[in-house]
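Descriptive analysis of the structure
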Amino acid sequence: ADAYTDLQDALEQATPGTQIQVAAGVYLPGTQADDTFQLKSGVALLGNFPDGGGEESERSFEHPSVLSGDIDGNDTTDPNGVVTDPDNLNGENTFHVIKGSGVDSSAVLDGFTITAGQAEGARELGGGMLNLSGSPTLANVTFSGNSAKIGGGMGNAINSSPTLTDVTFSGNRADRGGGMFNTEFSSPTLANVTFIGNLANSIGGGMRNELGSNPDLVNVNFDNNYAGSSGGGGMSNDDSNPTLINVEFNNNLASDSLPGLQNFDSDPQLNSILSPSDAADFGGGMNNWNSDPRLLNVTFAGNKSGTLGGGMMNYNSNALLINVIFSGNTADSGGGIYNSVSDPELLNVTFSSNHAETTGGGVHNYNDSHPSIENSILWGNSPEQVFQEDTSSAAIQDSLVQSGCPDAATCSGTLLTDDPLFVRNPGPGTDGVLGTSDDDYGDLQLKVGSPAINAGNNALLPADSWDLDGDGDTSEPIPYDFAYKPRITDATVDMGALEATETIYKVYLPLTVR
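Residues numbered from 1 in each chain as written. Predicted model: local features only at pLDDT ≥ 70, side-chain atom pairs only at ≥ 80, totals over all residues. Heavy atoms only, no water.

Topic: the overall build of the chain
Which entries qualify depends on this criterion: Labels follow the DSSP assignment, with helices taken as runs of H or I lasting at least four residues and strands as runs of E lasting at least two, numbered in each case from the N terminus. Radius of gyration here uses only the C-alpha atoms, and the compact-globule reference equals 2.2 Å multiplied by the residue count raised to the power 0.38. The classification of residues rests on relative accessible area computed with a 1.4 Å probe and restricted to protein chains. Under 20% of the type maximum is buried, over 50% is exposed, and intermediate values are partly exposed. In this analysis, two residues are considered to be in contact whenever any of their non-hydrogen atoms come within 4.5 Å of each other. What sets the accessible areas is the Shrake-Rupley method with a 1.4 Å probe; for residues, cover comes only from the shown protein chains.
The number of helices and strands found in the chain is one helix and 46 strands. Over its C-alpha trace the chain gives a radius of gyration of 26 Å, about what one expects of a compact globule, namely 24 Å for 514 residues. Each principal axis of the C-alpha distribution contributes one length, and for the chain these read about 95 × 55 × 40 Å. Scored against the burial criterion, the 514 residues of the chain give a buried share of 55%. When contacts within the chain are restricted to residue pairs at least 6 apart in sequence, long-range pairs at least 24 apart make up 74% of them. Entry remark: accessible area of the chain is about 19200 Å², with carbon and sulfur atoms responsible for 47%.

Okay, structure coming up:
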C-alpha cells in the first residue's frame, strides 16, 4: 500500500476500488475557502485508525480522524480539533468541508468527524457536507459545529439521496435546516442517526425537507433542536412526505409559538414518539397545515401549546392515526388534538390525562371539523373529553368515553363509560402540577377486568398497509398493537392503543343436574 502525508493528494490520485485509511489527526482540504474534500465513486475513505496506521480492527473513536474547514487555524476547538459550537468559528473557513456531488453509493465515508465548515454567500448550502446530484454512503460520522445559510451540517439538492448509518449531527447551525436540509427531490436514507442541539434561525432546527424530498428515517432521535421564527424545532416538511419509523422527538423547541414537528402540504408517515416540546401556540407536538400524515404507533406525551392543540393541531388536514397515545399534553384549547376544517380518522387511539385551560381536554373540534373516532378510549381528560363548536361533530363508534357521548357528537356501536382500568393512570407527579418535568404519563395497557377488553370492533381495524409482519399481505387487518404485541389476543380487538396485559381465559364448567 502507498503511504501519503496529504489526504487531498491521496483522494485526487485514488481510482475505483481504492480504500484510503486515515489515521487520527486533523485534516484540512487546503488553504482557500473553496477548497474541499471531493469523494469519488468506488473509493472508500476510512478513518479513526491509530497514529501511524494499523489494522481495521484497531479503528476507534478514541483516535478520531477529523476533517476540518478551519483553514486559518483560529477557531476555538476541543482537544481533538473539533468545533462544538458555530459561535466558535473565527476568520475564514472552507465553504464545504467535504462534497459528495456527482457520486453514487460506492463512494464511502466511514469513521470521521466533519467540523468547521461555513457555507455563505454564493456557496450557501451545506457547511459540513454538500451533495448535488450525489448519493454517497456515510457511516460512523459526526457533523459538529458547522454553519451555513442552508443546511448547516449537510445540504442535499437535485436528486441527492445519500445513505447515513450511525451518524450524529450535533451543534450545527443554519437559517434553514440546522442539521440537514433536503430539497429538489432529495431523499436520503437514515438509520441510527441522532440530531442533537442543532439550530435553525428560521425553520427546521434538526431537518428541513422541501420540494418533493421524501427521506426515510429508521431509529432516529431528534433531541433539543431549536428553530426560530418559522418553526419546526425538530423537523419541518413542505411539499415532502418523509417516512419515520421508531423516531423520537424530545424537547425540540421553536420560537414565536411554533411546533417542534411541522408539516405544510406534506403527508409524512410516522411511527414515532413526540415528547415533550414547549412554547408552541399551534400544535405543541405536531402542526399539520394542508397535510394528511399517517401515524402508526406514535406517542404524544407532555407537549404544550399556549393556545391550540397541545399534542397536535390540524388545519385543513385529514390525518390517519392508528395505535396512537396522547398523554399529559396541555393547551388552552384542545389538550390532545385541536381540529379546524379537518376530518382526521382515529383508530385504536388512547387519550388520557390531557388538559385544556378552556375547552376540549382530549379533542377540540372547530370550524366544520368531523373526525371519526373508533375503537378508542377517552378517559381522564379535562375539562371534558371532546368539545365541539361551529358545525363540528365527531363520529364516535365502538369506543369508551368518560361521561358518555359528547354533545353534538354522533355515537354508534358499543359506547362504554366505565373506568378502562389502565395498569397505571397518568398523573402530575410529586409537584401535583400537570405539564411539568416530573409528570407521569402512565402505563395505558388494560388490566384484567377492564370493560374495554374484547369490546372493540374487528371490522374497523385498518389494513396492514405497512406490512408490519413482513408477510407480504398488506390487505390483512393490522396485526400489532402499539407495543407490537398481537392486535387481537382473544376473539375481538380491545379498545385503545394497547391490548390487555394478559390473555383472558374463559372456562365454562358443565352443568350437572342431580
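Re the pattern of salt bridges
Here is the rule we go by: We define a salt bridge as a contact between a side-chain nitrogen of Lys or Arg and a carboxyl oxygen of Asp or Glu at a distance within 4 Å.
What the rule picks out here adds up to nine salt bridges. R59 is paired through a salt bridge with E56; the nearest N and O atoms lie 3.9 Å apart. R59 gets classed as partly exposed once you look at its relative accessible area, which sits at 22%. In this structure, D110 and R59 form a salt bridge, with 3.1 Å as the shortest nitrogen-oxygen distance. Of this pair, D110 sits in strand 7 (residues 108-115) while R59 sits in the loop between strand 4 (44-49) and strand 5 (65-68), and the two are 51 residues apart along the sequence. A relative accessible area of 15% places D110 in the buried class. Put simply, R176, R208, E210 and D238 are held in one network by salt bridges that share partners.

Observations regarding the environment of L421
Along the polypeptide, L421 turns up in the loop between strand 44 (410-416) and strand 45 (422-424). For L421, a relative accessible area of 28% puts it in the partly exposed group. Distance in space between the C-alpha atoms of L421 and K447 is 5.7 Å, their sequence separation being 26 residues. When near neighbours in sequence (up to four residues on either side) are disregarded, L421 contacts Q445, L446, K447, V448, G449 and S450.

Observations regarding the packing of aromatic side chains
For the record, the criterion: Here a pair means two rings of Phe, Tyr or Trp (six-membered ring of Trp) with centres within 6.5 Å. Their orientation is stacked below 30 degrees between planes, edge-to-face above 60, and tilted elsewhere. To sit over a ring, a charge needs its Lys NZ or Arg CZ within 6 Å of the ring centre and within 35 degrees of the ring normal.
In this structure the tally under the stated criterion is nine aromatic pairs. Residues F326 and F351 carry aromatic rings whose centres are separated by 4.7 Å and whose planes lie at 5° to one another, so their mutual orientation is stacked. Of the two residues, F326 sits in strand 33 (residues 325-327) while F351 sits in strand 37 (residues 350-352), which places them 25 residues apart along the sequence. In this structure, F326 and F351 share a single accessibility class: buried. With 5.9 Å between their ring centres and 50° between their planes, Y480 and Y484 make a pair best called tilted. By the ring-pair criterion, three or more aromatic residues cluster together here, those being F143, F169, F195, F222 and F249. Sitting above the plane of the W466 ring, R294 keeps its charged end 4.3 Å from the centroid.

Quick word on the state of the cysteines
Such a bond, covalent and formed between the sulfur atoms of two cysteines, is termed a disulfide. To keep things clear, this is the line we draw: Any cysteine sulfur atom paired with another within 2.5 Å is treated as part of a disulfide.
Throughout the structure, instances matching the rule amount to one disulfide. A sulfur-sulfur distance of 2.0 Å marks the disulfide that ties C405 to C411. Its S-S torsion of about 90° marks the bond between C405 and C411 as right-handed, since a negative value means left-handed. Looking at C405, the relative accessible area reads 33%, which means it is partly exposed.

Structural notes on the nonpolar core
The condition is simple: For the purposes of this section, nonpolar cores are sets of buried Ala, Val, Leu, Ile, Met, Phe, Trp, Tyr and Cys residues that join through side-chain atoms within 4.5 Å.
Of all hydrophobic cores here, the largest spans 63 residues; its most connected members are L67, L109 and L321. With near-sequence residues (within four places) excluded, L67 lies in contact with L7, Y27, F37, V97, I98, L109, F112, T113, I114 and T115. By size, the runner-up hydrophobic cluster in this structure holds 16 residues, among which are I325, A455, L498 and A500.

A closer look at the side chain of N287
Test applied: Whenever two N or O atoms come within 3.5 Å, that pair is a polar contact, provided that in protein one can donate a hydrogen and the other can accept it, and provided that, for residues adjacent in sequence, both atoms are side-chain atoms.
By secondary structure assignment, the location of N287 is in strand 27 (residues 286-289). On the accessibility criterion, N287 (8% relative accessible area) is buried. Within the local environment of N287, its side chain forms a polar contact with the backbone oxygen of F282, the two atoms lying 2.8 Å apart. Once you skip the residues sitting within four places of it in the chain, N287 turns out to touch P259, L261, Q262, N263, F282 and M313.

Overview of unusual backbone geometry
Excluding glycine, residues mostly carry a negative phi; peptide bonds, for their part, are mostly trans. Cis geometry is found at the peptide bond from S382 to P383, where omega equals 5°. Looking at the element boundaries, P383 is found in the loop between strand 41 (377-379) and strand 42 (386-388). In the Ramachandran plot, V341 falls in the positive-phi region, its phi being about 50° despite a non-glycine side chain. On the accessibility criterion, V341 (30% relative accessible area) is partly exposed.

Some thoughts on the sheet that holds strand 23 (residues 253-254)
We count it as follows: In this analysis, strands are considered paired if DSSP registers two or more bridges between them.
The six strands are arranged 8-11-14-17-20-23 in an open sheet whose pairing can be described as parallel. The open sheet has two edge strands, strand 8 (118-119) and strand 23, and neither has a second partner. Of the strand pairs in this sheet, strand 8 and strand 11 (residues 147-150) are connected by two bridges, and their pairing is parallel. Within strand 11, the position partnered with A119 by the bridge is A148.

Everything listed is a geometric property; what it means functionally is a separate question.
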